[in-house]
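Per-entry structural report
Here is how the chains run, residue by residue.
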Amino acid sequence: MGSLFSKKKEPGPEKPKITEQDKAVLIQLNLEKERQLAKKLLQEGKKNKAKLLLKKKRYQEQTLERTDNQLENLEKMVQDVEFAQIQLQVADGLKQGNEALKKMHEIMSIEDVERIMDETREGIEYQREIDELLSGSLTQEDEDAVLQELEEMTKSVTEKLPEVPTEEPLPEVPSEEPVEKRPQKEKKDERKAEVVPAL
């Protein structure tokens, strides 16, 4: 029994896919074939059989028509559902956007924006007034004097700076003074170090 499940199907040629259009064409061909058969039966004098075949043909046509209508209704329903989902996504996006706008409005009101704009405008006007006062009250001679004073200040600042050494500094040599000649403070520090008990 295990051998039945272990066998794998060998891949054969792929079956052609039958579309809805193919099915519709096939049904139409069958209906036409039955019509021709009913005509032949009528010619042979078999009126009842021809009538029965035509009834069957009519029933199949009505069934096909009902199926087509149902398919159309289903397609319309699918489209309506898809459209409703898109509308829901759009509405959700608008809701999130409105919430973000509300939060921004809570953080900064119109009055805050107007106040900031006024302060900025006042600052620009104040700076313009200062520029106009300075540019209008100083002559070219004053401007030259300001530049000369600035240059002298720059020179005096650079003159006070120490010169940069060009040679490398010599290494420090430790002092070889005896312990007795060292300052009193250093001796006290040594005694403190000796008194501390080892843990």
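All of these numbers come straight from a predicted model, not from anything done at the bench. Residue numbers here run from 1 along each chain, matching the order of that chain's written sequence. Reporting in this predicted model follows two pLDDT cut-offs: at least 70 for local features of residues, and 80 or more for side-chain atom pairs to be given and counted; totals over whole chains, interfaces and linings ignore these cut-offs and use all residues. Remark: hydrogens and water are excluded; side-chain values derive from all non-hydrogen atoms of the structure.

Let's talk about the packing of helix α2 (residues 20-43) against helix α3 (residues 47-107)
Stated precisely, the cut-off is as follows: Axes, fitted as lines to C-alpha atoms, cover a helix only where it is in contact. Angles between the N-to-C directions of the axes lie from 0 to 180 degrees. Helix and strand assignments come from DSSP, with helices taken as H or I runs of at least 4 residues and strands as E runs of at least 2, each series counted from the N terminus. Here the word oblique covers every angle except those under 35 degrees (roughly parallel), over 145 (roughly antiparallel) and from 65 to 115 (roughly perpendicular). By the definition used in this description, the sense in which the near helix is turned from the far one sets the handedness, with an anticlockwise turn below a right angle giving left-handed and a clockwise turn giving right-handed. Residue contacts are counted whenever heavy atoms from the two residues lie within 4.5 Å of one another. All residues other than Ala, Val, Leu, Ile, Met, Phe, Trp, Tyr, Cys, Pro, Asp, Glu, Lys and Arg, Gly among them, are scored as polar; the first ten of these are nonpolar and the last four charged.
At a minimum axis separation of 8 Å, α2 and α3 run at an interaxial angle of 165°. Our classification of the angle between α2 and α3 gives roughly antiparallel. The two elements α2 and α3 cross, and the hand of that crossing is left-handed. Here α2 contributes I27, Q28, L31, E34, R35, L37, A38, L41 and L42 to the contact with α3, which in turn contributes K47, K49, A50, L53, L54, K56, K57, Q60, E61 and L64. Residue composition of the contact of α2 with α3, by class: 10 nonpolar, 2 polar and 7 charged.

What about a negative patch on the surface?
What counts here: Surface patches are defined over residues having more than 30% relative accessible area and no salt bridge, joining like charges when they lie within 9 Å and nonpolar side chains (Val, Leu, Ile, Met, Phe, Trp, Tyr) when within 5 Å. Accessible surface is estimated by sampling points in the Shrake-Rupley manner with a 1.4 Å probe; for residues, cover comes only from the protein chains shown. Any carboxyl oxygen of Asp or Glu that lies within 4 Å of a side-chain nitrogen of Lys or Arg is treated as forming a salt bridge with it. In this count, Lys and Arg are taken as positive residues and Asp and Glu as negative ones, while His and the chain termini are left out. Charged groups are reduced to one reference atom each: NZ for lysine, CZ for arginine, CG for aspartic acid, CD for glutamic acid. Burial classes: relative accessible area under 20% of the type maximum marks a residue as buried, over 50% as exposed, and values in between as partly exposed (1.4 Å probe, protein chains only).
Taken together, the side chains of E122, E125, E129, D131 and E132 present a region of like negative charge at the surface. Along the polypeptide, E129 turns up in helix α4 (residues 110-137). Judged by relative accessible area, E129 falls into the partly exposed class, the value being 47%.

Quick notes on a nonpolar patch on the surface
Residues I107, M108, V113, I116 and M117 make up a contiguous nonpolar surface patch of about 460 Å² in total accessible area. With 3 residues, α4 is the largest single contributor of residues to the nonpolar patch. Locating I107 in the fold gives a position in helix α3. For I107, a relative accessible area of 68% translates into the label exposed.

Topic: the environment of M108
Tracing the sequence through the fold places M108 in the loop between α3 and α4. Setting aside residues no more than four positions away along its own chain, M108 makes contact with V113 and I116.

Focus: α2
Basically, it comes down to this: To estimate the expected span of a helix, count its residues, drop one, and scale the result by 1.5 Å.
The terminal C-alpha atoms of α2, which comprises 24 residues, lie 35 Å apart, in line with the 34 Å expected from a rise of 1.5 Å per residue. Buried residues of α2: L31, E34, A38 and L41, and no others. Contacts made by the buried residues of α2 are with α3. After α2 finishes, the residue G45 shows a positive phi value of roughly 85°.

Focus: the layout of surface pockets
Cut-off, in case you're wondering: Definitions used for this entry: grid spacing 1 Å over protein atoms alone; cavity, a set of points where a 1.4 Å probe fits but cannot get out; pocket, an open set with protein on both sides within 12 Å along at least 5 of 7 lines; lining residue, one with an atom within 4 Å of a point. Grid points are joined across faces, edges and corners, and a volume is the space filled by probe spheres set on the points.
Computed from the structure, the largest pocket encloses a volume of approximately 160 Å³. Looking at the largest pocket, the residues that line it are E20, K23, A24, I27, Q28, L64, T67, D68 and L71. Elements supplying a minimum of two residues to the lining of the largest pocket: α2 and α3. Ranked by residues supplied to the lining of the largest pocket, first place goes to α2 with 5 residues. Here the residues of the lining of the largest pocket sort into 4 nonpolar, 2 polar and 3 charged.

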